[in-house]
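Topology and contacts: notes
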Amino acid sequence: LKTFAHVDVKSIADASTALGAGNAVLIAGGTDLLGRLKDNVLPSYPATVVNIKTIPNLNYINQDSSGLKIGALAFIEDIANSSTVKGTWPALSTAAASVASPHVRAMGTLGGNLAQHVRCWYYRVPNNRFNCIRKGGNTCFAASGDNRYHSIYGAPKGCNSVYPSDTATALMALNASIVTNKRSIGIESFFDALTGTVLGSGELITEVDVPTPPAGSNQSFTKFRLRKAVDFAILSVATMLTMSGSTCTAARIALGGVAPTPLRSTAAESAIVGKTLDANAAAAAASAAVGLATPLQYNVYKVPILKTLITRALTPAS
Amino acid sequence: MSSTYNNTSSGRNQNRSVFNVVGQRGIPSMYSYALATGAAKFARDVVIPGMLFGKALRSPYARATITSMDTTAAAALPGVRAVIRWDDPDIQALPPLNSFSGMVVDGTLPALSADAYFEGDEVGAVVAADSEEICDQALALIMANTKWNVLPFVLDEKSSYASGAPILNPDLNSKNNVYSDSTTSSGSVTNALASSDYTIEYTQSYPPVPYHLSDPATGVYYWDQDQTDPSSTGPDLHVQDVMSVAFNYASEFKIPGYKVYPHDLTQYMGPQYCCFIQGIRYMALGPLLAKRTGKPVRMAQDRRESFDVAGAGAHFDITIGFNKDGTLQAANGTMLFNTGARGGNATAYNMNSYNYFWMGPVGSKTPNIASHSIAVWTAMARHRNGLDTASQMVHAQAFYRMAEKLGKDPTDLVLLNFNTPNSSLSTVIANGKKALNWQWHQAGTKKLPDGRMHGYGFRIKDVAVAGTITYHINLILKSDGKVYMPIGEGHFGTFFQDCCAMVIAEELGASLGDVIVSYDPNTMEWNNGTARDRGAGMPWAAKEAAIDLKAKLLAAAAPSFGSGVTAAQLDTKNSTVYLISDPTKNFPFSKFGGTLATDFIGKCDAPNTSLAPGTFPTMNAIFCEVAVDTQTGVVEVLDWAAACDAGKVIRPSSFEGQIEQPLMNMTGVGLYQEMIRDPQYGVLLNGDTLGFMPPTILDLAPISIQTTESRMGTGCYGGVAQAHQIFDRVTIPLAVYNAIGKWIDPPITPDKVLAALGTISASSVRTTGGIET
């Protein structure tokens, strides 16, 4: 690691000030940041690392009348193991439990998980070997390179990476809001296809609010990866379905590992809302979702797998 | 067990039938406490006061030559202690890196040059500085002041061999990229193929697999004059790295071998055994930097740099001819072999299809075999063969192809087509089948209750004899009643030191706690072998030494039992010498210690058998079951059965570890591990643990180990080691073939499965391997 100033802050305001001073980055669990710094992934190196672990009482997991409120410093492992989360927001606990490894979950925080950088291997080659469009360059090297793990829904701002967060996919299905020191942002507006998030200068995540699920709803989270642990999602699917008998009255279907941001598949939702949810409807929804896919040269395989994952997620247990 | 083989050529007491120590479970290793508590220090943990850090410049290009380099700014950076360029006279004076005996490079690779042969290759300059960070800064300055002639490159063997491919080493071969080319044949292949009832053509290939070790190579080097040196020929070299044989350094730096002190900082090598090539430039450049600066220098690879070396990749085109009764009549193979970057010496000869059809040891009955083996350079990494010789096994697919055609069980075809000079082969096959409840089915015909397709994998392998190395064993019975054996090799995980202690205790009648196999880095015997080797054959030499020592002990003890008592009337037990006719008359070893020692030099030779020299009389058979999800392409290994003829198991947990570890590796390389470089720039894309995906413990399927102790083989009490002969890259692909009826070269990732099933186009999968569609 190169030398940098390390600042412990005691409050969100202090963190914002330190962050807004320029050329500074936040550290909480550090499971993403330290790897980036060690490998000199980015063209510039921070002068200051602002430690927010020293902010008290920002790791809560509380349920109130409106839903679930999770402090930005709550550990992923605690979210995965929380009986509160398991009981009412099982998609989120499942997603949290699928993150990385026990060690990483014990260090990583929800705020960090949502704000992590993409895992695109061109982006991550050490010493900024590929100064890609995401780093201020003008090329996405994956577009014509090895793109087996990349976007199947295009590159809205020129970047073909996929957003890696598992909790983000679940939270999108659960219609969460991201609370910062400056505003509350609906999760569908929180992510940016090039910068990762819409967080501005001096802005940091302080809380994640997850509404109480509608009565009669059920949830799921499915992660597709090659190994049974550690890996980021090649694909993930999170659902929250509101049912009236066998009829789906409302649906939120979120897809991970498919684009530079987590995507809500309204096409899939439209295919099942107001209809009897059976195997045929599930398959129709999956077809609708992947019908919009535009895979790259080497990630065509992700399309049929995504279709299968959606179908299985929506197919009622027999 | 019937056998045409006997062990009489393998030393004394080879057929021992009563074991009090050998084979016992629950005996902790002498290393257990240190390893479990973290007290064990590895090369990476070594810190010496005043120690500097060394790093080499790494090429950002897959093939390039430095045209100019200015190191002035780097040398002026505070904390930089030395910058040595490739054209420095001291670098130029170093011999080619193959001067390291046993190294896996050929003679064409200098210690450092202006040429880079793959992205990440060490090139141009090396620096020593007060910290790794300063090294990085210095190298960044050098990189900024270096100009390159960037050259075209090629990554895979097929492209390298194709007409019009860029020539990677024109000074060595101006016409093409062929590194070696050889043919081998026996019988009349053409005629046999023509007269066979059936012929089948198939392909098989494997990508290069890097030696992704848990602890990337580290070396620490320093020179001093603190040792006794009657000839006063200069300072001694102390080295702590992956290489343990002192004469490599002696050769490199032109000093007597006794002035090199390997591994005298810590005995814990970690996983660095068998990764010589990873640190090889360090081995040359580290001592040089230490000499130049007059300080200790540490050179440590980071994770990405540990991808410098790989087991070679290969592509086979095979034609087999066989008859309706299942007899294989002929095999004709062409192999294209990826030897990687210049210096890689993965020559084709011992990985050719001839070798693997003949399987020399057991001896295929197939009379007609021919192979054309071609090795070509690429810019993937620097490749060697080594352990991967066991991974090819192109014959295994042949028997599956034949099984499909004939409706027969491949295990029966194997038994039909290989010589079985003893029952080792049939025993391990029977044991493995029983463990898996083997119910053979044709490809693509068995569906599991959850809808996934079921497949069986199976292959056989011969087990090495390990009679190639001479050992020099010193045993000393000291006055404390304990037996001491100095051993010059560090610990790297195979626990052969513990095996030696157990064998010595067995033969000497000593309590295990009274046998001290202790690390002595200066134990070295130049011309008569050495105790500085890792392995499997050493307990055999320890056995012989212990037998010698016991004879001396009994002779020395006899007078103490009274006049007329001879050594023949005495025996030993629990570290005492006793009178056989009256065991109440006994004396502890300590009574006779202090003057008794033995000095044994020898090795376990090839067995006394009518089979060809180098024969391998014990076998193993590996089985697995897989489930294939045809909708997602995911392959899951459900279970393993490893049926192994160990000859004789000395330390059960070590034996089982030698099986479990390669099965873990096989899971990884079978399902997802490969080194991935960008097609346009040749840059390594997954050079980290996350990207390369070593299997997690959750990925390892349950293993049923079926142990046979045939007592055949020339290791101690029979057999030798297992690990090298367990690993393969064929069992999982065979199981997938059985599940879906399509051959897919490893790693068998979901995209390949979906392509094989026709869900997607094979052209949409980036792979150098084959996908049968």
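Refer to the structure above for everything that follows.
What you see as residue numbers is a count from 1 along each chain, following the sequence as written. Chain labels run from A onward and ligand labels from 1 onward, assigned in the order the entries are written. Predicted model: local features are reported for residues with pLDDT of at least 70 only, side-chain atom pairs are reported and counted for 80 or more only, and whole-chain, interface and lining totals are derived from all residues. Calculated side-chain values reflect all of the structure's heavy atoms, with hydrogen atoms and water omitted.

Of the regular secondary structure elements, chain B holds 19 helices and 29 strands. With a 1.4 Å probe rolled over the protein chains alone, any residue whose accessible area is under 20% of its type maximum counts as buried; one over 50% counts as exposed, and the rest are partly exposed. Taken over 773 residues, chain B has a buried fraction of 63%. In chain B, the share of contacts with a sequence separation of at least 24, taken over all contacts with a separation of at least 6, comes to 78%. Using the Shrake-Rupley algorithm and a 1.4 Å probe, accessible areas are obtained, with residue cover drawn only from the displayed protein chains. Surface accessibility of chain B: about 26,300 Å² in total, with carbon and sulfur atoms responsible for 51%. Here a strand is any run of E in DSSP of at least two residues, a helix any run of H or I of at least four, and the numbering for each starts at the N terminus. Here a residue-residue contact requires only that any non-hydrogen atoms of the pair lie within 4.5 Å.

Pairing in this open sheet of three strands is antiparallel, and the strands run β4-β2-β6 (chain B) from one edge to the other. At either end of the open sheet lies a strand with only one pairing partner, and these are β4 (115-116) and β6 (146-150) of chain B. Note on pairing: DSSP must find at least two bridges between two strands before they are called paired.

Cavities and pockets were defined on a 1 Å grid built over protein atoms only: a cavity is a set of grid points that admits a 1.4 Å probe from which the probe cannot escape, a pocket is an open set flanked by protein on both sides within 12 Å along at least five of seven lines, and lining residues are those with an atom within 4 Å of any such point. Grid points are joined across faces, edges and corners, and a volume is the space filled by probe spheres set on the points. Counted under the stated rule, the structure contains eight cavities of 30 Å³ or more. Each pocket or cavity is described by its volume, and for the largest cavity that value is around 110 Å³. Around the largest cavity, the lining comprises 14 residues; the ones closest to its centre are R148, Y149 and L226 of chain A together with M693 and T749 of chain B. Note that Gly is not counted as nonpolar here; it falls among the polar residues with everything else outside the nonpolar set of Ala, Val, Leu, Ile, Met, Phe, Trp, Tyr, Cys and Pro and the charged set of Asp, Glu, Lys and Arg. For the lining of the largest cavity, the class distribution of residues is eight nonpolar, three polar and three charged.

This part takes up the packing of aromatic side chains. How two aromatic rings sit relative to each other is given by the distance of their centres and the angle of their planes. Residue and element names in this part refer to chain B. In this scheme Phe, Tyr and Trp rings, the latter by its six-membered ring, pair at centre separations within 6.5 Å, and the angle between planes marks the pair as stacked below 30 degrees, edge-to-face above 60, and tilted otherwise. This structure, assessed with the given rule, holds 28 aromatic pairs over all chains. Aromatic side chains W223 and F253 sit 5.5 Å apart centroid to centroid with 80° between the ring planes, which places their arrangement in the edge-to-face category. One end of the pair, W223, is in strand β10 (residues 218-224); the other, F253, is in helix α7 (residues 246-253), and 30 residues separate them in sequence. Residue W223 is classed as buried on the basis of its relative accessible area, which comes to 15%. Seen from their ring centres, W438 and F623 are 5.3 Å apart, and the 80° between their planes marks the pair as edge-to-face. Separated by 185 residues along the polypeptide, W438 in the loop between α12 (424-436) and β19 (453-463) and F623 in strand β27 (residues 618-628) bring together distant segments of the chain. Note on W438: relative accessible area 8%, which makes it buried. Over a ring means this: the NZ of a Lys or the CZ of an Arg is within 6 Å of the ring centre and within 35 degrees of the ring normal. Between the NZ or CZ atom of K648 and the centre of the ring of F19, over which it lies, the distance is 4.2 Å.

Residue and element names in this part refer to chain B. The N-to-C vectors of helix α13 (residues 496-508) and helix α14 (residues 538-557) enclose an angle of 30°; their axes lie 8 Å apart at closest approach. Comparing their axes, α14 and α13 come out roughly parallel. Viewed along their axes, α13 and α14 form a crossing whose handedness is right-handed. For the pair α13 and α14, contact is made by F496, C499, C500, V503, I504, E507 and L508 and by M538, P539, A542, K543, A546, I547, L549 and K550, respectively. Considered class by class, the residues forming the contact of α13 with α14 number twelve nonpolar, no polar and three charged. With axes taken as lines fitted to C-alpha atoms, and helix axes fitted only over the stretch in contact, angles between N-to-C directions fall between 0 and 180 degrees. Every angle not falling under 35 degrees, over 145, or within 65 to 115 is termed oblique; those three ranges are roughly parallel, roughly antiparallel and roughly perpendicular. The crossing is said to be left-handed when, going from far helix to near helix, the turn is anticlockwise and less than a right angle, and right-handed when the turn is clockwise.

Now for the pairing of strand β24 (residues 576-579) of chain B. All names here are of chain B. Here β24 shows two buried faces, one formed by T576 and Y578 and the other by V577 and L579. In this sheet, β24 lies alongside strand β23 (residues 570-573) in antiparallel orientation, the contact comprising four bridges. Residue pairing across strands places T572 opposite V577, the latter belonging to β24. As consecutive antiparallel partners, β23 and β24 are separated by two residues, and within that stretch N574 has a phi angle of approximately 50°, a positive value. Relative to strand β25 (residues 582-588), β24 runs antiparallel, the two sharing four bridges.

This next bit is on the environment of V162 of chain A. All names here are of chain A. Within the fold, V162 resides in the loop between α8 (121-124) and α9 (166-173). Separated by 96 residues in sequence, V162 and V258 place their C-alpha atoms 5.8 Å apart. When neighbours within four sequence positions are excluded, V162 is seen to be in contact with V118, Y149, H150, S151, G257, V258, A259, P260 and K302.

Quick look at the interface of chain B and chain A now. Each partner contributes to the interface: chain B provides 38 residues, whereas chain A provides 30 residues. For the chain B and chain A pair, buried surface summed over both sides reaches about 2,900 Å², with 64% attributable to carbon and sulfur atoms. Accessible surface is computed with a 1.4 Å probe, and the buried area is the amount of it that two parts give up when combined, taken over both parts together. Looking at the side of chain B facing chain A, the largest losses of area belong to L685, L690 and R766 of chain B, adding up to 19% of the total buried there. Only one rule defines a salt bridge in this text: a Lys or Arg side-chain nitrogen within 4 Å of an Asp or Glu carboxyl oxygen. For the pair chain B and chain A, the interface holds four salt bridges. For R148 of chain A, the salt bridge goes to E674 of chain B, with nearest N and O atoms at 3.5 Å. Within 3.5 Å is the distance limit for a polar contact, defined as a pair of N or O atoms, with the added protein rule that one can donate a hydrogen and the other accept it, and that residues adjacent in sequence qualify only through two side-chain atoms. One can count eleven residue pairs in polar contact (both at pLDDT 80 or more) joining chain B with chain A.

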